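# Understanding the architecture of this molecule
Single-letter residue listing:
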Amino acid sequence: MACATLTIDLDAIAANWRALDRMSGEATQTAAVLKADAYGTGLAPVAIALARAGARRFFVALAEEGADLRAALGPGPQISVLSGHMAGDAALIAAADLTPMLNSIDQVTRQFESLPDRPFGVQLDTGMSRLGMAAAEWEAAAPILLAGGPELILSHLACADEPDNPMNAAQLAEFLALTEGTGVPRSFAATGGILLGPEYHFDLTRPGIGLYGARPFADGQAALTLSLPVVQTREIAAGTSVGYGRTWIAATPTRIATVSAGYADGLLRTLSNAALLWHGDRPCPVVGRVSMDLITVDIGHLDDSPDHLDMLGPHQTADDLADAAGTIGYEIMTALSARYARRHVGGGA
Ligand SMILES: *Cc1c(COP(=O)(O)O)cnc(C)c1O
């Protein structure tokens, strides 16, 4: 089998959720954000493990993701949709019992016309200029929205991973000004906001990336192992080039292992001549360019010929790969290939 194996430690994910939950007070609930197939790790098994750990509220980006999540969780837990109520979504929202976070007057109209008795929340823009109603819109729509009994008012921080950025306090002041006195439960913090401290926590926090022990949750447990099968091993002489464009040439005789995964699997081409793979505790450098389905690795220093090499594991996290590739852990995780065989371990209780 040339298909790589992505092992997801559900106990580590549950432990990270509990640790993030403990960072806020008793009065603050902790949700889980499972958009993009639970950041590439597998929506249904991760959702079930988190529900067992105690999570009762979940967020996704799209109504379609919400329907998949409802199928995994069954009735009961609240599933909120961050993109709100898009045209054509009414039947899905009702059938899967989803709670759209309304982002604009258009979405409010759509919700109140097509699903007048269904639960909803409201998203406010306090500085991202991405989703949610701006202050003026909110002012105009607040009377009718508040009369409809929103379940939640939420907003999102632009710079939560930079604790010293004055934008955090500015957004907090704006969120307080827009929501004080409404009596509606409020949510402001994702992973980064949880770490900023209690004044950011409000009634509900929404961690996503921290569930996988990735930055900015530095104290989290790493949850992923990615093992790539070795398809072929060859001896090469000094002066031999490896891969497209001859970007690496052996200085001494060595051995090259060709592993089965490439940029089509989310292992970005910028990892060419830059990343490491691991044979147990021993690092092995990527040599030559990452190609679509294959990566070449120098294993000349190993005594044996491994049948697989690890791209993610205890010695190299998604953040480490992101640093090597010039991106962020979020992008590495959400690009994890659909081709990988996902193996979920733990999560029993
Ligand atoms: C993605 C997202 C989250 C989760 O953010 P993390 O940084 O992954 O914890 C929370 N809220 C909103 C609105 C989001 O878009």
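Nothing here was measured: the structure is a model prediction, and the numbers come from that model. Position numbers for residues start from 1 in each chain and track the written sequence from start to end. Restriction of local features to residues with pLDDT of at least 70 applies here, the model being predicted, together with a cutoff of 80 or more for giving and counting side-chain atom pairs; totals for whole chains, interfaces and linings are based on all residues. Excluding hydrogens and water, the side-chain figures rest on all heavy atoms present in the structure.

## Thoughts on the overall build of the chain
Let me state the cut-off plainly: Under the scheme used here, helices are H or I runs from DSSP no shorter than 4 residues and strands are E runs no shorter than 2 residues, and both carry numbers assigned from the N terminus. The classification of residues rests on relative accessible area computed with a 1.4 Å probe and restricted to protein chains. Under 20% of the type maximum is buried, over 50% is exposed, and intermediate values are partly exposed. The contact definition used throughout considers only heavy atoms, calling two residues in contact when any of these lie within 4.5 Å. Here Asp and Glu are counted as negative and Lys and Arg as positive; His is not counted, and neither are the chain ends. Charge positions come from single atoms, namely NZ of Lys, CZ of Arg, CG of Asp or CD of Glu.
Each helix and strand in the chain was counted, giving 11 helices and 19 strands. When its C-alpha atoms are laid out on the principal axes, the chain stretches across 75 × 40 × 35 Å. Considering the chain as a whole, with its 349 residues, one finds that 52% of them fall into the buried category. Nonlocal contacts in the chain, meaning residues at least 24 apart in sequence, comprise 62% of its contacts between residues at least 6 apart. Taking the 22 positively charged and 38 negatively charged side chains of the chain as two groups, their mean positions are separated by 6 Å.

## Concerning helix 4 (residues 63-73)
Worth spelling out the cut-off: Think of it as the arc spanned by the lines of direction from the helix axis to the C-beta atoms.
Here helix 4 has its buried residues at Ala63, Glu65, Gly66, Leu69, Arg70 and Leu73. Taken down its axis, helix 4 places every buried residue within 145 degrees of arc, on the same side. Seen from the buried face of helix 4, the exposed residues on the opposite side, beyond 90 degrees, are Asp68 and Ala71. In this fold, the buried residues of helix 4 make contact with helix 2 (35-40), helix 3 (43-53), strand 4 (57-60), strand 5 (78-81), helix 5 (90-95) and strand 6 (98-102). At the C-terminal side of helix 4, Gly74 shows a positive phi close to 75 degrees.

## Quick look at the pattern of salt bridges
One side chain can pair with another of opposite charge once the charged atoms of both are near each other. Our working rule: One speaks of a salt bridge when a side-chain nitrogen belonging to Lys or Arg is within 4 Å of a carboxyl oxygen belonging to Asp or Glu.
Going through the model one piece at a time under the given rule, you end up with 6 salt bridges. We note a salt bridge from Asp97 to Arg118, for which the minimum N-O separation is 2.8 Å. Of the two residues, Asp97 is situated in the loop between helix 5 and strand 6 and Arg118 in the loop between helix 6 (105-114) and strand 7 (121-123); the sequence distance between them amounts to 21 residues. The class of Arg118 is partly exposed, set by a relative accessible area of 21%. Through salt bridges with shared partners, a single network forms among Arg70, Asp97 and Arg118.

## Details of the domain arrangement of the chain
Short version of the rule: Domain start and stop positions are those given by an automatic or database domain assignment. In short, buried area is how much 1.4 Å probe accessible area vanishes from two parts on joining, totalled over both. The term polar contact refers here to a pair of N or O atoms within 3.5 Å; inside protein, the definition further demands a hydrogen-donor-capable atom paired with an acceptor-capable atom, and it admits residues adjacent in sequence only when both atoms are side-chain atoms. Each residue is assigned to one class: nonpolar for Ala, Val, Leu, Ile, Met, Phe, Trp, Tyr, Cys and Pro, charged for Asp, Glu, Lys and Arg, and polar for all the others, Gly among them.
Domain boundaries in the chain define domain 1 (10-212) and domain 2 (224-345). On a C-alpha basis, the centres of domain 1 and domain 2 stand 37 Å from each other. Taken together, the contact between domain 1 and domain 2 spans 11 residues of the former and 9 residues of the latter. Taken together, both faces of the contact between domain 1 and domain 2 bury some 840 Å²; the carbon and sulfur share is 69%. By the criterion of area lost to domain 2, the three top residues of domain 1 are Tyr39, Thr41 and Ile209, representing 49% of everything that side buries. Counting across the domain 1 and domain 2 interface gives 0 salt bridges. Taken together, the connections running from domain 1 to domain 2 amount to 3 residue pairs in polar contact (both at pLDDT 80 or more). Sorting the residues of the side of domain 1 that touches domain 2 by element identifies helix 1 (10-22) and helix 2 as the ones contributing at least two each. Class assignment for the residues of the side of domain 1 that touches domain 2 results in 6 nonpolar, 3 polar and 2 charged.

## With respect to the packing of aromatic side chains
For any two aromatic rings, the description comes down to two numbers: the centre-to-centre distance and the angle of the planes. Convention followed: Here the aromatic set is Phe, Tyr and Trp, taking the six-membered ring for Trp, and pairing holds for ring centres within 6.5 Å; pairs whose planes are under 30 degrees apart are stacked, those over 60 apart are edge-to-face, and all others are tilted.
Inspection of the entire model under this criterion finds 7 aromatic pairs. For the ring pair Phe175 and Phe188, a centre distance of 4.6 Å and an interplane angle of 5 degrees mean the geometry is stacked. A residue pair is termed long-range when its members are at least 10 positions apart, and Phe175 in helix 8 (residues 166-179) and Phe188 in the loop between strand 9 (186-187) and helix 9 (191-196) qualify at 13 residues. The class of Phe188 is buried, set by a relative accessible area of 0%. For the pair Phe175 and Phe202, a centre-to-centre distance of 5.1 Å together with 85 degrees between the ring planes defines the contact as edge-to-face. With Phe175 in helix 8 and Phe202 in the loop between helix 9 and strand 10 (204-205), this pair connects stretches of sequence that are 27 residues apart. The rings of Phe175, Phe188, Tyr200 and Phe202 are connected pair by pair, giving a single aromatic cluster.

## Quick look at the pairing of strand 6
Within a regular strand, side chains alternate between the sheet's two faces. Short version of the rule: Paired strands, in this sense, are two strands between which DSSP finds at least two bridges. Viewed with both strands pointing away, a crossover whose connecting path from the first strand over the helix to the second turns clockwise is right-handed.
A large share of strand 6 lies buried, amounting to 5 of its 5 residues. Looking at chain direction, strand 5 and strand 6 are connected through 3 bridges and run parallel. From the neighbouring strand, Ile79 faces strand 6, where its bridge partner is Leu98. Chirality of the crossover, the property in question, places the unit of strand 5, helix 5 and strand 6 among those that are right-handed. One ladder, built from 2 bridges, connects strand 6 with strand 7; its direction is parallel.

## Description of the packing of helix 3 against helix 4
To keep things clear, this is the line we draw: Angular values range over 0 to 180 degrees, each being the angle between N-to-C directions of two axes fitted as lines to C-alpha atoms, with helices fitted over their stretch in contact. Here is the rule for angles: anything less than 35 degrees is roughly parallel, anything more than 145 is roughly antiparallel, 65 through 115 is roughly perpendicular, and the remaining ranges are oblique. Working rule for handedness: look at the near helix, and if it is turned counterclockwise from the far one by less than a right angle, call the crossing left-handed; if clockwise, right-handed.
Two numbers describe how helix 3 lies on helix 4: the axes approach to 9 Å, and their chain directions differ by 55 degrees. It follows that helix 3 is oblique to helix 4 by the angle criterion. Relative to helix 4, helix 3 is oriented so that their crossing is right-handed. Along the contact surface, helix 3 presents Leu43, Ala44, Ala47, Ile48 and Ala51, while helix 4 presents Glu65, Asp68, Leu69, Ala72 and Leu73. For the contact of helix 3 with helix 4, the residue count by class is 8 nonpolar, no polar and 2 charged.

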